[in-house]
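Take a look at the letters that make up each chain.
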Amino acid sequence: MRSLYFTVQVQLFLRYPPPSLPTPTTSPKQTLYFRSLRRSISGVTATPTTTATMDQNLIKKTSSPAEHIAGPWYSVPELRLRDHHFTVPLDYSLSQSPKISVFAREAVSVGKEDQALPYLLYLQGGPGFESPRPTESSGWLSKACEEHRVILLDQRGTGLSTPLTTSSMLQFKSPQELVDYLKYFRADNIVNDAEFIRKHLVPDAAPWKLLGQSFGGFCGVTYLSFAPQGLKQVFLTGGIPPIKDGCTAETVYKACIDPIVLQNEKYYKRYPQDIQIIRDVVIHLAESEGGGVPLPSGGILTPRGLQLLGLTGLGASTGFERLHYLFERVWDPVIVPGSKKQISYYFLNSFERWLSFDTNPLYALLHESIYCQGAASQWAAHRVRLEHESKLDAVKAAKENRPVLLTGEMVFPWMFDEIHALRPFKEAANLLAEKKDWPPLYNKTALNNNKVPVAAAVYYEDMFVNFNVAMETSKEIEGIRLWVTNEYMHSGLRDGATHVLDHLMGLLNGKKPLF
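Residues numbered from 1 in each chain as written. Predicted model: local features only at pLDDT ≥ 70, side-chain atom pairs only at ≥ 80, totals over all residues. Heavy atoms only, no water.

The chain is annotated in an unreviewed UniProt entry as AB hydrolase-1 domain-containing protein from Lactuca virosa.

Written as structure tokens, this is what we have:
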């Protein structure tokens, strides 16, 4: 067995090095554009093309007030922020499509509001999670905002972009009606939204840079496949997807079993006392009435539900520590002699907050569909789990005095019974799992002939985006430069402060040697 603690950094350069890029310059048109933004900070304005003080002979009119509304600048420590609301088609293939709202937040370092900075689009991981809400200039965002005008996009259905929540989705009259709506909320239409925004927001509709974390990186590869003309550079962090035809979900989950086992072994090596604690919890749940204990929201915590804590507990930096401290408080103290042993409200409440399915249900509903092109997922994770049930059966492991293995990034059909917030969408989830007519998400020919400079961080022990799967796809993206490291987990962009983004930028701007 290989050592559990080591650091390896490898740089791989495939096919050809990226061309050197010219330094961005400010055109008279851009200067006028940014001056107009400054004038707008006293109140909400429409897009720059509708500002009365602008010279319409210089600025091409690209949008109407209904399509784009820009808010005033406001501040958090060391950052200036500006909100943008866009009205976009639900279905871009229709000339008369229903509309939805998409939100993006613009961020720059203080004092740089009027500078002609290059644009950097950030795409969050997910699916189904909104972009981060800056409270200060820190981490990768501080680095990015020093040199760019960063656009933090709430992907459609999240945050302020016509959010699909556990309450708003109840408006649909049937599960099929909901499915017919959700099919427009995958990477293909996220890219369509990004192109819509770029053409309305960037001066001269110039190409912009893209930073994609995890699922945001998947969207970045979709962008390279279908709209490379909109991209100047692409940075991927733990976000190189499988691109084979059909549904690759089963391949992904099979590849993730060994990394999940490895992370469990590492966790229990660090906290051996938790082996027995988790066994005791599993037995307690199994022997409780109904096979589990009620959760504060109205759901039920079962042994298999408990294993879901591995989703973030095993795959992200500080996850081990957070998991251990959570289990420290799993039991209520026996204050009154003779009282029954019971799981604490603190633990039950923390369990629900840990998973986020109540606030971000799209993650559960659309998770397997992000791997589908012209084929159904048919609950791939559930099928793969059944193949490995001898390892993953929590009750069996506890009774046999073995460590209970926690699971990784997998969504199972029984979650729509046990998690209260997901119960209304059980039938829709089943319909999505059987849906076959998913449109393409990737174009191998376009990727093989890629001309956009791309740099990617590939995490050797990534539990979410499998290393081997990522390396296989990287061979199909012409010119990609890879930084392979086990210094970080899947959350490296967040955990590495400015290091990860700085390293990737260095691969494309000549600061890293070509060898």
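Further notes follow.
Along the backbone of the chain there are 21 helices and 15 strands. Burial analysis of the chain (515 residues in total) assigns 57% to the buried set. If you take every contact in the chain between residues at least 6 apart in sequence, the share linking residues at least 24 apart comes to 75%. Per element, the accessible surface of the chain, about 21300 Å² overall, is 54% carbon and sulfur. (Helix = DSSP H or I, 4+ residues; strand = E, 2+ residues; numbered from the N terminus. Buried < 20%, exposed > 50% of the residue type's maximum accessible area, 1.4 Å probe, protein only. Contact = heavy atoms within 4.5 Å. Areas by Shrake-Rupley, 256 points an atom, 1.4 Å probe, with all protein chains shown as cover.)

As a further point, take unusual backbone geometry. A cis amide bond links Gly126 with the next residue in sequence, Pro127, at an omega value of 5 degrees. Among the structural elements, Pro127 can be located in the loop between β6 (119–123) and α2 (139–147). You will see that Glu78, though not glycine, has its phi angle at about 70 degrees, which is positive. The residue Glu78 is located in the loop between β3 (68–76) and β4 (79–89) in this model. Phi angles above zero are rare outside glycine, and Trp379 is one such case at about 50 degrees. Relative to the helices and strands, Trp379 is located in the loop between β13 (372–373) and α13 (380–387).

Moving on, we get to the nonpolar core. Counting residues in each nonpolar core, the largest one holds 126 residues, and the members touching the most others are Trp208, Leu306, Phe327 and Phe347. For this core, the element with the most residues is helix α6 (residues 249–270), which contributes nine residues. Ignoring sequence-local partners within four residues, the contact set of Phe347 consists of Leu301, Leu306, Leu309, Leu326, Phe327, Arg329 and Val330. Counting 26 residues, the second largest nonpolar core, distinct from the first, contains Tyr122, Leu211, Leu493 and Leu501. (Core = buried A, V, L, I, M, F, W, Y, C linked by side-chain atoms within 4.5 Å.)

It is the rolling of a water-molecule-sized probe over the atoms that shows where space remains empty. Quantified by volume, the largest pocket comes out at close to 1200 Å³. Elements that contribute at least two residues to the lining of the largest pocket include exactly α2, α9 (310–313), α10 (319–328), α11 (345–355) and α20 (492–495). By residue number, the principal contributor to the lining of the largest pocket is α11, which donates five residues. (1 Å grid on protein atoms, 1.4 Å probe; cavity = no way out; pocket = protein on both sides within 12 Å on 5 of 7 lines; lining within 4 Å. Points joined across faces, edges and corners; volume = space filled by probe spheres on them.)

Another aspect to go through is the environment of Arg322. Relative to the helices and strands, Arg322 resides in helix α10. In this structure, the C-alpha to C-alpha distance between Arg322 and Thr312, residues 10 residues apart in sequence, is 9.3 Å. For Arg322, the contacting residues outside a window of four places in its chain are Thr312 and Trp354.

The next thing to look at is empty space enclosed by the protein. Under the defined criterion, the tally for this structure stands at six cavities of 30 Å³ or more. Estimated volume of the largest cavity: approximately 90 Å³. What lines the largest cavity is simply Ala364, Leu365, His367, Glu368, Ser369, Ser377, Trp379, Val411, Ala429, Leu432 and Ala433. Put simply, the parts of the chain that give the lining of the largest cavity at least two residues each are α12 (362–366) and α17 (426–434). For the lining of the largest cavity, the element with the most residues is α17, which contributes three residues. Residue classes in the lining of the largest cavity are distributed as seven nonpolar, three polar and one charged. One number sums up the size of the second largest cavity: a volume of about 50 Å³. In terms of lining, the second largest cavity is formed by Gly126, Ser214, Phe215, Phe218, His367, Ile370, Tyr371, Glu409, Phe464 and Val465. (Nonpolar A, V, L, I, M, F, W, Y, C, P; charged D, E, K, R; others polar.)

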